[in-house]
Amino acid sequence: MVVELKDVLKNDKIYLAHTSDKRKSETLLQHLELTIGYYNKLKHSKGLDAVIERSLNSIRINKNEVSNGGLSEEAKEILLELFEGAIYYHDIGKINPAFQKLKMKNTNFRRVRVSDDLTHSLLSSLLYIDIFYDSTEDKCLDKIERQTLQVLLLSFSYSISRHHGYLKDLSEYISKLRGLSNAVRNEEIEIFDYNHFDRLLSRRILFEEGVFLEFDKTVKKYMALPEPFYILNKLLYGLIVTCDFYATSDYMNRKIEDFGDIYNVEEYSKKFDDDKIIKNIRKYEKYVNESLNKSPFDESSINELRSDMFLEAEKTLVENIDKQIFYLEAPTGSGKTINSLNLGLNLIKYDKSLKKIFYVFPFNTLCDQTFDVIQSFFGKQKVSIINSLTPIKFQDENDIDYDKSYLDRLFLHYPMILTSHVNFFDYLFGNGREKQLPLVHLINSVVILDEIQSYRIEIWKELANMIVSFSNIFNIKFIIMSATLPRISLLSKNNLNEINLFKDSSKYFNATLFKNRVKFDFSLLQYGKISLSDLADFLVKYWENKRGRILIEFIKKATAREFYNILKAKVDNKLLYELSGDDSSLYRKYLIDKLKKKEEQKKGYLLRDVILVATQVIEAGVDIDMDVGFKDISIIEAEEQFAGRINRSCTKEGCKLFFFQHDDEKGVYKSDFRTEYSILQEKYKEVFKNKSFEDYYLDLMKEIERKKTEYNENSYEIFSNNVKGLMYFQIAKDMKMIKEKTYSVYLAHNLKHPQKDEFIDGHQVWKAFKEILFDGDMPYSKKQIELSVIKEKMNYFIYQVSSPMPFSDDESIEDITYVEEAKRFFENGKFNREAFNKEMFPSKGVDIFI
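None of these values were measured; they are calculated from a predicted model. Along every chain, residues carry numbers that run from 1 in the direction the sequence is written. Per-residue local features are limited, in this predicted model, to residues with pLDDT of at least 70; the limit for side-chain atom pairs, both in listing and counting, is 80 or more; totals at the level of whole chains, interfaces and linings are taken over all residues. The side-chain figures draw on all heavy atoms in the structure; neither hydrogens nor water molecules are used.

## Quick notes on the environment of alanine 614
1) Next: Every helix listed is a DSSP run of H or I at least four residues long, and every strand listed is a run of E at least two residues long, numbered separately from the N terminus. Its place among the elements puts alanine 614 in strand S15 (residues 610–614).
2) Next: Summary of the burial criterion: residues with accessible area below 20% of their type's maximum are buried, those above 50% are exposed, and those between are partly exposed, where the area comes from a 1.4 Å probe applied to protein chains only. A relative accessible area of 0% places alanine 614 in the buried class.
3) Next: Note: C-alpha distance between alanine 614 and serine 720 (106 residues apart in sequence) is 40 Å.
4) Next: Whether two residues touch is decided by their heavy atoms; if any such pair falls within 4.5 Å, the residues are in contact. The contacts of alanine 614, once residues within four sequence positions are left out, are Leu551, Ile552, Glu553, Phe554, Ala560 and Leu579.

Following this line, the structure appears as structure tokens:
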């Protein structure tokens, strides 16, 4: 970055950037130098030079009608100058006299006449364009390269303009720049200390004609690949907001010394290898290699099979360490968590550039379970769960450092992070400022994506291209794992650098212990839509003959409740349970723990005889082991996930899974066309029985490709143009993991604790929430932590609805509608949705609860 502040200001030391009651005011020069200092620190820690070089090398421009190529070395050198210059000059607009006089109370400006326009972010963009525009006119560049660099200059300046807000798109940006340029020209904003004032005035022509005015047209004409262009701009925005935040925090509170990376992987590997499970696997490895006479496992034990998978996956990964994407397709119950953890550690061991491990899950229950596994190896301090349900963690609970704890959570300063699909893809595609703060910490990381098939199928192609591009540019090593694993990278148009960790995964799926652990029974499907009364009669008759642990799943909550009520009149209520999204998170955890609890010496489960009526909350992420299952059909992935709850331990005989048809799966899954490839068709029934999912996914991929060529709102061409045009808001909307808009309702009542003889008063929890939220004296970081703690309890009372509340006699805070005295909506501790709908949504007459 060759242009320093002294080169553009007559007096670079009189301007202030921040003030504080506790310390001396910070000058603009100090803030800009501190910001670029943190950028340089990140460059060293994250290897940003290599990331930016890959970004610049990935930019492809159309130089004629038939070919495209990369930028010249001269163009890339200038582009790097523009990139780093945007970070340094992100706050140059604070030279606005109005900002200095009114916001900073700067005594150097007390006699200056100013307007009330405190603009500084947009002014920063305008000045940045003026400072660097001439670089894009370098005569050693051809016309196309000059115009490409000017497009990038404009897009970089937009990131500067939005560094205190969220990214939208550039459609109104040019007109705002034009308006600001005119305001400066008309002396409505006096920048009397700017060295190049006359040149700045001449720049107004840029916003009236040429490349800037025709941004969309120029991008579409010259930019050959949309993804690298988008990623480069997102990286810049992420670095601007991150370095600015770090620098401001440095001045206000503390220096950022540690990014929470894995600095010594050997320390982690040693703890991992010292675990009893891993020691036995290594003994088994020696036994297989004939250097040990006896296996540590019983003959034909499932642990031998798990160890075979562990060792093959490890061997394949080490031999292909240069790959970016690794597929781990393995049966439910085969030990994917420990396997993937070993793979992640090996990647960091053999590739020293890698610094973090992310586990990404579709459900919070999976986060909790995996946290328990990982912390058993490394301790709680090495791993953190990032979601709305888990309080911000402290390094020392006896001496809480609120500022450090808050910053660690905000920027993911942890070696191992467990989070949701929603959070992770918000980091990549979201347009909000706070979601971009951790973006730089995804660089040089291992990302383990679990249950990728749960993503909305209509965005699989978009995800494929984006994942491949982020992987290549950010050096993210993706481990993608599931029992039903779609190789969505086959939908990518980019070069693939991937490997299946098992040469032939079918040998594991077809192993006796996995394949025969559950017998499938499709006989109930012959009746078409079976009535609940007939289904109940069948189940009760089976129960009376066999007993055991029975799980039955419906795809609608209302149906599950109706069936539960039918069964209450037919079986012992002490053995009958219901579990759905209408139960509090506290009750769901209690019931799952109860189902998992074993007798002393692990002879069997305490609940040997039980019937559980559930919804799809039971499918993935719930580690329970049942004897018999009944399931309303939906999509093949859901059928396989459900099957994983039956005989999960592979130690029992005679376990069965009955499929039936009651609710309309197409109505529930809506735009998901996988319902057309269900087990009702003989081909896909055989796919499901034989676990030959590759055939199923090849058919799906063909259909996805066909649908993406249709010109409609889901067309890939439209998405690609949006990416190329930096339509940030639309991209964030398109790439949402959960498309349906939901609304939070807080139902205040006294909640009986399922395990203790006490009640949790929802009214008091809400009151405590408000006291923290509206405490004007509490430091910001402490407030955020205290809110994260109280919100864990608030979630016991929060339910999601698909329609906004038509009215509220009480209050709404942070998009949560509070309903006072909501006990009328609960019956025997269960939420009564029918009563709620009748009162709150009398005109809908439908189930509006999610």
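## Focus: a nonpolar patch on the surface
1) Next: Patches draw on residues past 30% relative accessible area with no salt bridge. Two like charges within 9 Å are joined, as are two nonpolar side chains (Val, Leu, Ile, Met, Phe, Trp, Tyr) within 5 Å. Residue exposure ignores everything except the shown protein chains as possible cover, and the areas themselves are Shrake-Rupley values with a 1.4 Å probe. The term salt bridge refers to a side-chain nitrogen of Lys or Arg lying within 4 Å of a carboxyl oxygen of Asp or Glu. Taken together, the side chains of Tyr287, Val288 and Leu292 present a nonpolar region at the surface, about 230 Å² in accessible area.
2) Next: Of note, leucine 292 is situated in the loop between helix H12 (276–288) and helix H13 (302–319).

## Observations regarding the nonpolar core
1) Next: By nonpolar core is meant a set of buried Ala, Val, Leu, Ile, Met, Phe, Trp, Tyr and Cys residues that side-chain atoms within 4.5 Å join together. In terms of nonpolar packing, the biggest core is built from 181 residues, with Leu449, Phe474 and Leu612 touching the most fellow members.
2) Next: The dominant element in this core, judged by the number of residues it contributes, is helix H10 (residues 226–252), at 13 residues.
3) Next: The contacts of phenylalanine 474, once residues within four sequence positions are left out, are Val51, Arg54, Ile231, Leu235, Leu439, Leu442, Ile443 and Asn444.
4) Next: Grouped together as the second largest cluster of nonpolar side chains are 48 residues, Ile262, Ile281, Phe297 and Met309 included.

## Overview of the sheet that holds strand S18 (residues 743–747)
1) Next: Two strands are counted as paired when DSSP detects at least two bridges linking them. Read from one edge of the open sheet, four strands run S21-S18-S23-S22, paired in mixed fashion. Unpaired on one side and paired on the other, strand S21 (798–801) and strand S22 (811–813) mark the two borders of the sheet. Direction aside, neighbouring strands of the sheet carry axes that sit 30 degrees apart on average.
2) Next: Alignment of S18 against S21, held across four bridges, turns out to be antiparallel. Across the sheet, residue tyrosine 743 finds its bridge partner in S21, namely valine 801. Here, axes are lines fitted to C-alpha atoms. For helices the fit covers the stretch in contact, and angles between N-to-C directions go from 0 to 180 degrees.

## Re the confidence of the model for the chain
1) Next: Residue-level confidence of the predictor is summarised by pLDDT, bounded by 0 at the bottom and 100 at the top. Here the chain shows a mean pLDDT of 89. Residues at 70 or above account for 96%.
2) Next: Low pLDDT, under 50, characterises residues 845–850; the predicted model gives this stretch 22 contacts beyond four residues in sequence or across chains.

## Description of helix H11 (residues 265–273)
1) Next: Listing the buried residues of H11 in full gives Val265, Tyr268, Ser269 and Phe272. The buried side chains of H11 occupy one side of the element, clustering within an arc of 100 degrees when seen end-on. Note that the arc is computed from the directions linking the helix axis to the C-beta atoms.

## A look at the pairing of strand S6 (residues 356–361)
1) Next: Counting buried residues along S6, six of its six residues qualify, which places the element largely inside the surrounding structure.
2) Next: Covered by surrounding structure in S6 are Lys356, Phe358 and Val360 together with Ile357, Tyr359 and Phe361, the residues of both alternating faces.
3) Next: Note that S6 and strand S9 (residues 445–450) share five bridges and pair parallel. Bridge pairing in S9 links tyrosine 359 to isoleucine 448.

## A look at the packing of aromatic side chains
1) Next: Two aromatic rings, drawn from Phe, Tyr or Trp (for Trp, its six-membered ring), form a pair once their centres lie within 6.5 Å of each other, and the interplanar angle then sorts them: stacked below 30 degrees, edge-to-face above 60, tilted otherwise. If you walk through the whole model with that rule in mind, you get 58 aromatic pairs.
2) Next: Pairing tryptophan 460 with tyrosine 697 gives two aromatic rings, centres 6.2 Å apart and planes at 45 degrees, and the pair type is tilted. Placement of tryptophan 460 in helix H19 (residues 460–474) and of tyrosine 697 in helix H28 (residues 693–709) is noted, with a sequence separation of 237 residues between them. As far as the burial class goes, tryptophan 460 and tyrosine 697 line up, both buried.
3) Next: Centroid distance tryptophan 766 to phenylalanine 769: 5.3 Å. Interplanar angle 55 degrees. Geometry classified as tilted. Of this pair, tryptophan 766 and phenylalanine 769 both sit in helix H31 (residues 762–773), three residues apart, which is roughly one turn of that helix. In this structure, tryptophan 766 and phenylalanine 769 share a single accessibility class: buried.
4) Next: Joined through ring pairs, the aromatic side chains of Phe358, Phe424, Phe425, Phe429, Tyr455, Phe470 and Phe474 make up one cluster.

## Observations concerning the pattern of salt bridges
1) Next: The tally for this structure, following the rule as stated, stands at 53 salt bridges.
2) Next: The residue glutamate 84 makes a salt bridge to lysine 43 at a minimum N-O spacing of 3.3 Å. Of the two residues, glutamate 84 sits in helix H3 (residues 73–88) while lysine 43 sits in helix H1 (residues 28–46), which places them 41 residues apart along the sequence.
3) Next: By relative accessible area, glutamate 84 is classed as buried at 10%.
4) Next: Between arginine 487 and glutamate 498 there is a salt bridge; the shortest N-O distance is 2.5 Å. Here arginine 487 is found in the loop between strand S10 (477–482) and strand S11 (498–500), whereas its partner glutamate 498 is found in strand S11, with 11 residues between them in sequence.
5) Next: Residue classification places arginine 487 among the partly exposed residues on the basis of a relative accessible area of 29%.
6) Next: Through salt bridges with shared partners, one network takes in Asp130, Asp134, Arg199 and Arg203.

## Examining a positive patch on the surface
1) Next: A cluster of like positive charges, contributed by Lys276, Lys279, Lys283 and Lys286, occupies part of the molecular surface.
2) Next: Locating lysine 286 in the fold gives a position in helix H12.
3) Next: Since its relative accessible area comes to 48%, lysine 286 is described here as partly exposed. We treat Lys and Arg as the positive residues and Asp and Glu as the negative residues; His and chain ends play no part in the count. The location of each charge is read from NZ of Lys, CZ of Arg, CG of Asp or CD of Glu.

## Remarks on the pairing of S10
Two faces, one strand: in a regular strand the side chains alternate between the faces of the sheet.
1) Next: Among the six residues of S10, six are classified as buried, and the element is accordingly described as predominantly covered.
2) Next: What you see with S10 is no split at all: Lys477, Ile479 and Met481 on one side and Phe478, Ile480 and Ser482 on the other are buried throughout.
3) Next: Bridge analysis of strand S5 (residues 325–329) against S10 gives five bridges, and the strand direction is parallel. Each residue of the ladder has a partner; that of phenylalanine 326, found in S10, is isoleucine 479.
4) Next: Sheet topology places S9 next to S10; five bridges connect them, and they run parallel. Looking at S10, one finds that leucine 449 is bridged to isoleucine 480.

## A few points about the packing of helix H6 (residues 143–161) against helix H7 (residues 173–185)
1) Next: Between H6 and H7, whose axes approach to 11 Å, the crossing angle comes to 75 degrees. Judged on the interaxial angle alone, H7 and H6 are roughly perpendicular. Touching Leu154, Ser157, Tyr158 and Ser161 of H6 are Tyr173, Ile174 and Leu177, all from H7.
2) Next: The residue makeup of the contact of H6 with H7, split by class, is five nonpolar, two polar and no charged. Note on angle classes: values under 35 degrees are labelled roughly parallel, values over 145 roughly antiparallel, values of 65 to 115 roughly perpendicular, and the remainder oblique. By the convention adopted, Pro, Cys, Tyr, Trp, Phe, Met, Ile, Leu, Val and Ala count as nonpolar, Lys, Arg, Asp and Glu as charged, and the other residues, Gly among them, as polar.

## Let's talk about the sheet that holds strand S12 (residues 519–521)
1) Next: As summarised here, the arrangement of the six strands in space is S12-S17-S16-S13-S15-S14, forming an open sheet in which the pairing is parallel. The sheet is open, and its two edges are formed by S12 and strand S14 (576–579), each paired on a single side. Averaged over all pairs of adjacent strands, the angle between strand axes in this sheet comes to 15 degrees, irrespective of strand direction.
2) Next: As defined by bridge partners, S14 adjoins S15 across four bridges and the pair is classed as parallel. Its bridge partner lying in S15, glutamate 578 is registered against valine 613.
3) Next: Helix H22 (residues 532–546) rests against strand S13 (549–553), S15, strand S16 (628–632) and strand S17 (656–660) of the sheet, and its axis sits at about 165 degrees to S13.

## Overview of unusual backbone geometry
1) Next: Although it is not a glycine, cysteine 650 sits at a positive phi angle of roughly 60 degrees.
2) Next: If you trace the backbone, cysteine 650 turns up in the loop between helix H25 (636–643) and S17.
3) Next: Exposure remark for cysteine 650: the relative accessible area of 11% places this residue in the buried category.

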